[in-house]
Amino acid sequence: MDRHYQDPSLPAEARARALLSQMTLDEKIAQMHGYWLIVSDEGVVTERQDASDQFSHRDAQASFEQKIALGVGQITRPFGSGMLEGETGIALFNALQKRIISASRFGIPALFHEECLAGLMCMGATLFPSSLNMASTWHPGLIKAMADCIGREARSIGCRQALAPVLDVSRDLRWGRTEETFGEDPYLVGIMATEYVRGLQGEKRDLLATLKHYVAHSFSEGARNHAPVHLGFKELNDIFLLPFEMAVKLADAGSVMPAYHDIDNQPCHNDAFLLTEILRDRWGFDGLIVADYGGVSLLHQHHGVTADRAESAASAFNAGLDVELPKDDCAAALKEALARGLIAEAKIDQIVVRVLTEKFRTGLFDNPFIPEARPDFQSARAREVALQVARESMTLLENDGTLPLRASALKSVAVIGPTADDPLALLSGYSFPVHLILSDTEANTSQVTTPLAALQEALPECRITYRKGCHILTQRAAGTPVFPGDVGRALAASPVSCDVSLIADAVQAARESELAICFVGDLAGLFQSGTVGEGSDTDTLNLPGVQQQLLAAVVETGVPTIVVMTSGRPYSLQGLEDRLAGFLMAWQAGQEGGYAIADVLTGRQSPGGRLVVSVPQDVGAMPYFYNHKMKSSGTPVAFHFPPRYAFGYGLSYSTFRLSALSLPKRVFAMDEAVTFTLTVENSGEREADTVVQVYVRDIQASLVRPVQELKAFQRIRLAPAQSADISFTLPADMLNFTDNQGRRRVEPGDFILMIGEASDNIVLQQTITLAGPLRILDERWSMESHATISYRLPPTI
């Protein structure tokens, strides 16, 4: 046996090729898929059996011992699939890895992957805020720090691949996975994803971030899970591919996951144009493409573009896939596919070299075991960052002057609503306690501080009366089936509660108090085990259940009412917004979210979050997004079209003045950067943050362009009367769009530069001109703007 592959001084690919040359076909195929295992506290290993086994039509399988003798590619969510304590889990999985290495001829270790969207999705790990919260901070550096914490927790349990972040660009709020997105602007999504990847992977890229769901999963027909997407390549490239391109080119993302749907009748899982030509050939992606769970089987079971498992496997792997997850539903038929001439062994070799190269390059071969006996969960740093992200994401939508609360003068408060004291209301669908609902298992949520508990702590001298007011769900349990074969089946009755019996008691509590704080929203849960989340799509943007009736009854008392919405999508309050004393959008703020909400309500923190999705007046506006075309509003303009709260909007406890826009010139060359400076002043009486937002409109182009597009932004904190100069550098390359030949082009002409504190609050603008011949960009185009801040000392009083 040639053992050159064991030499750590050799390049990773050379080691991979040396190993590949000695492997049998069965050993190669074993590297092209995962196993989904359940490990008991006693160390007993069994393969997970679920509904996917019922539709994959797999033959009787060999024993696990026989399988691991061929080697193991990946182990699917070894910690996240069950209730394993950290120390026990580490010991068990070190033993499992040793067993895998010892069983095979070449001692190839398995790569473990876990979900990491809102933190490592394992028992006891830090429960970070949702992606909507992350983006609402408009603070990329903070998100990088948060992702670094997630990466540390993941590495501490031997995780080498993280199935995060989500780069879907929100288009329709009815879609259940809106909560997983960074919002509706492709540039903002790209920047946030880029920093998330940088933080998660670290400089060595020894933990692979996985960009998903490639691509346009969020613009599905009717905003329904898995539904088809109807897009031409120009819009696909400008809106949906852009964030992926940024994360690949700017952050060297290590992995990509295709989406379940089809685009213009082509399923993503066997789309060679997307997976190979664009991702690898054009962008230079050198990592692993891994299937979404069951996505390969869907090619024959749902899409009907292949005949059987063998053809599905060949079709996906030929198109560019490297690893089937979570199991070997179709990869197990690769030998059959090879015998039928559907795939060549040379293609298998090409794929396995990539898989092995990543195992060598990430250090898995040389350091396959988890070095520490205890996981690095819930560190002081992780909790601090989780709190900071939650604080900075709090977005104030209404305030009649009641906020911040004057704690010393406040004697009685009624805290009302179904999300006020429910820890799960602060968590997104891809957090461990919520994910466990599918298996009818209840996780410990003791690390979550609810808003009620935080307010009781923040207002110790105030009499706080709590009334739930209503339920959102009648039960928390797994709902609609989601696997192939389910279409056409009778679905269970909706678990959303219609019970109004608790409203009267809540109204009485409001009448007996100086102030009512109503907590409303939704409960994340996958596949209709909740009201938002994967597979929990909706046909309305009214509050789930009877929450609107509860809120209306409280407002009718005349007691000043503040609404705090904890949710994975914004909901319409049907006109009650105008009658509120305050309205705070908290999203799904994670385990420290209760403290963040209390800090903002009581004035310990001025709200600085800004909306990353537009909040519509009515569901009839869907799909809605701020960067729409001029004719999107209809002619005449539809009454329901303009949003109630625009993209980028958010109030503060202070006020800011933007002034003194200065450009060195008005005409710029086609290949240079547009530079400009402006002054920001805190004209209020409190230290606070604002977000300076830069939009551009292409006045005339050869193709239809949006009314405005975000091209730069900067969050800044200023003391009262303090000011600062912000200098922006905006590459002319970023004014490109995709032409009829699929190329990015920058056209000469006039552009309106628009600067403000929201997309509908533009206070400074200037027309600039790009002069020179048309430019067709190559793959090295500049896709990121930059800002620098020069602070001025506050004036001496």
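Residues numbered from 1 in each chain as written. Predicted model: local features only at pLDDT ≥ 70, side-chain atom pairs only at ≥ 80, totals over all residues. Heavy atoms only, no water.

## Re the sheet that holds strand β23 (residues 737–738)
Definition in use: Two strands are said to pair when DSSP picks up at least two bridges between them. The secondary structure listing takes helices from DSSP runs of H or I that are at least 4 residues long and strands from runs of E that are at least 2 residues long, numbered from the N terminus.
Taking strand neighbours across the sheet as the criterion, the 3 strands line up as β23-β24-β27 in an open arrangement whose pairing is antiparallel. Each having just a single partner strand, β23 and β27 (775–776) make up the two edges of the open sheet. Inspection of the sheet shows strand β24 (residues 744–746) paired to β27 by 2 bridges, in the antiparallel sense. In the sheet register, Arg745 faces β27, and the bridge partner there is Ile776.

## With respect to the pattern of salt bridges
Keep this limit in mind: The working definition used for a salt bridge is a side-chain nitrogen of Lys or Arg within 4 Å of a carboxyl oxygen of Asp or Glu. A 1.4 Å probe rolled over the protein chains alone gives each residue an accessible area, and that area as a share of the maximum for its type sets the label: buried under 20%, exposed over 50%, partly exposed in between.
Under the defined criterion, the tally for this structure stands at 49 salt bridges. One salt bridge connects Arg205 with Asp286, and the closest N-O pair in it is separated by 3.1 Å. Residue Arg205 is found in the loop between α8 (186–201) and β6 (208–214), and its partner Asp286 is found in the loop between α10 (272–282) and β10 (288–289); the two are separated by 81 residues along the sequence. With a closest N to O distance of 2.9 Å, Glu336 and Arg340 form a salt bridge. Take Glu336: its relative accessible area is 39%, and that puts it in the partly exposed class. Through salt bridges with shared partners, one network takes in Asp238, Glu245, Lys249, Arg705, Glu709, Arg744 and Glu779.

## A closer look at the UniProt feature "domain: Fibronectin type III-like" (unreviewed entry) in the chain
Heads up, the rule is: UniProt positions are given in the numbering used here, feature names are shortened, and annotations may be inferred rather than shown by experiment.
Here the UniProt-annotated "domain: Fibronectin type III-like" (unreviewed entry) positions come out as residues 690–759. Between the C-alpha atoms that bound residues 690–759 the distance is 14 Å, and the span itself is 0% helix and 61% strand.

## Some words on the confidence of the model for the chain
Rules: The predictor's confidence in any single residue is recorded as pLDDT, a number from 0 to 100. Note on definitions: a residue-residue contact is assigned when non-hydrogen atoms from the two residues lie within 4.5 Å.
Taken residue by residue, the chain gives an average pLDDT of 93. The fraction at 70 or more is 94%. Predicted confidence for residues 480–485 stays below pLDDT 50, and this span has 16 contacts to residues more than four positions away or in other chains.

## Quick look at the nonpolar core
Spelled out, the test is: Put simply, a nonpolar core is a bunch of buried Ala, Val, Leu, Ile, Met, Phe, Trp, Tyr and Cys residues held in one set by side-chain atoms that sit within 4.5 Å of each other.
By size, the foremost hydrophobic cluster in this structure holds 221 residues, and its most contacted members are Tyr196 and Tyr214. Looking at this core, the element that brings in the most residues is helix α9 (residues 233–251), giving 10 residues. Sequence-distant contacts of Tyr196, defined by excluding residues within four places in its chain, comprise Cys116, Leu117, Met134, Ile143, Met146, Ala147, Ile150, Ala164, Pro165 and Phe182. Grouped together as the second largest cluster of nonpolar side chains are 40 residues, Leu387, Ala390, Ile517 and Ile562 included.

## Focus on the packing of α8 against α9
Which entries qualify depends on this criterion: Interaxial angle, 0 to 180 degrees, is taken between N-to-C directions of lines fitted to C-alpha atoms, where a helix line uses only the stretch in contact. Our angle categories are set so that under 35 degrees counts as roughly parallel, over 145 as roughly antiparallel, 65 to 115 as roughly perpendicular, and the remainder as oblique. Working rule for handedness: look at the near helix, and if it is turned counterclockwise from the far one by less than a right angle, call the crossing left-handed; if clockwise, right-handed. Following the grouping adopted for this structure description, the nonpolar residues are Ala, Val, Leu, Ile, Met, Phe, Trp, Tyr, Cys and Pro, the charged ones are Asp, Glu, Lys and Arg, and the polar ones are all others, Gly among them.
Contact geometry for α8 and α9: axes closest at 8 Å, N-to-C directions at 30°. Accordingly, the angle class assigned to the pair α8 and α9 is roughly parallel. Every pair of crossing elements has a handedness; the one defined by α8 and α9 is right-handed. For the pair formed by α8 and α9, the contact residues are Pro186, Tyr187, Val189, Gly190, Ile191, Thr194, Val197, Arg198 and Gln201 on the first element and Asp238, Ile239, Leu242, Pro243, Met246, Ala247, Leu250 and Ala251 on the second. Classifying every residue of the contact of α8 with α9 by side-chain character gives 12 nonpolar, 3 polar and 2 charged.

## Brief notes about the packing of aromatic side chains
The test is simple: Stacked, edge-to-face and tilted are the three classes for Phe, Tyr and Trp ring pairs, Trp counted by its six-membered ring, which pair at centre distances within 6.5 Å; planes under 30 degrees apart are stacked, over 60 edge-to-face, the rest tilted.
Evaluation of the coordinates by the stated rule reveals 20 aromatic pairs. Arranged with centres 5.3 Å apart and planes meeting at 65°, the rings of Trp36 and Tyr293 form a pair that is edge-to-face. Placement of the pair is Trp36 in strand β1 (residues 34–39) and Tyr293 in the loop between β10 and α11 (298–301), with a sequence separation of 257 residues. With relative accessibility at 7%, the residue Trp36 sits in the buried group. Using a relative accessible area of 17% as the deciding quantity, one classes Tyr293 as buried.

## Considerations on the environment of Phe240
Within the secondary structure layout, Phe240 lies in helix α9. Separated by 23 residues in the primary sequence, Phe240 and His217 have C-alpha atoms spaced 8.9 Å apart. Non-local contacts of Phe240, meaning those with residues more than four positions away in its chain, are made with Val169, Arg171, Val215, Ala216, Ser218, Phe219, Leu231 and Glu235.

## Digging into helix α5 (residues 86–103)
For clarity, the cut-off: The span expected for a helix works out to 1.5 Å for each residue beyond the first.
The end-to-end C-alpha distance of α5, which contains 18 residues, comes to 25 Å, matching closely the 26 Å that a straight helix rising 1.5 Å per residue would cover. Looking at α5, one finds that the buried residues are Gly86, Gly89, Ile90, Leu92, Phe93, Asn94, Leu96, Gln97, Ile100 and Ile101.

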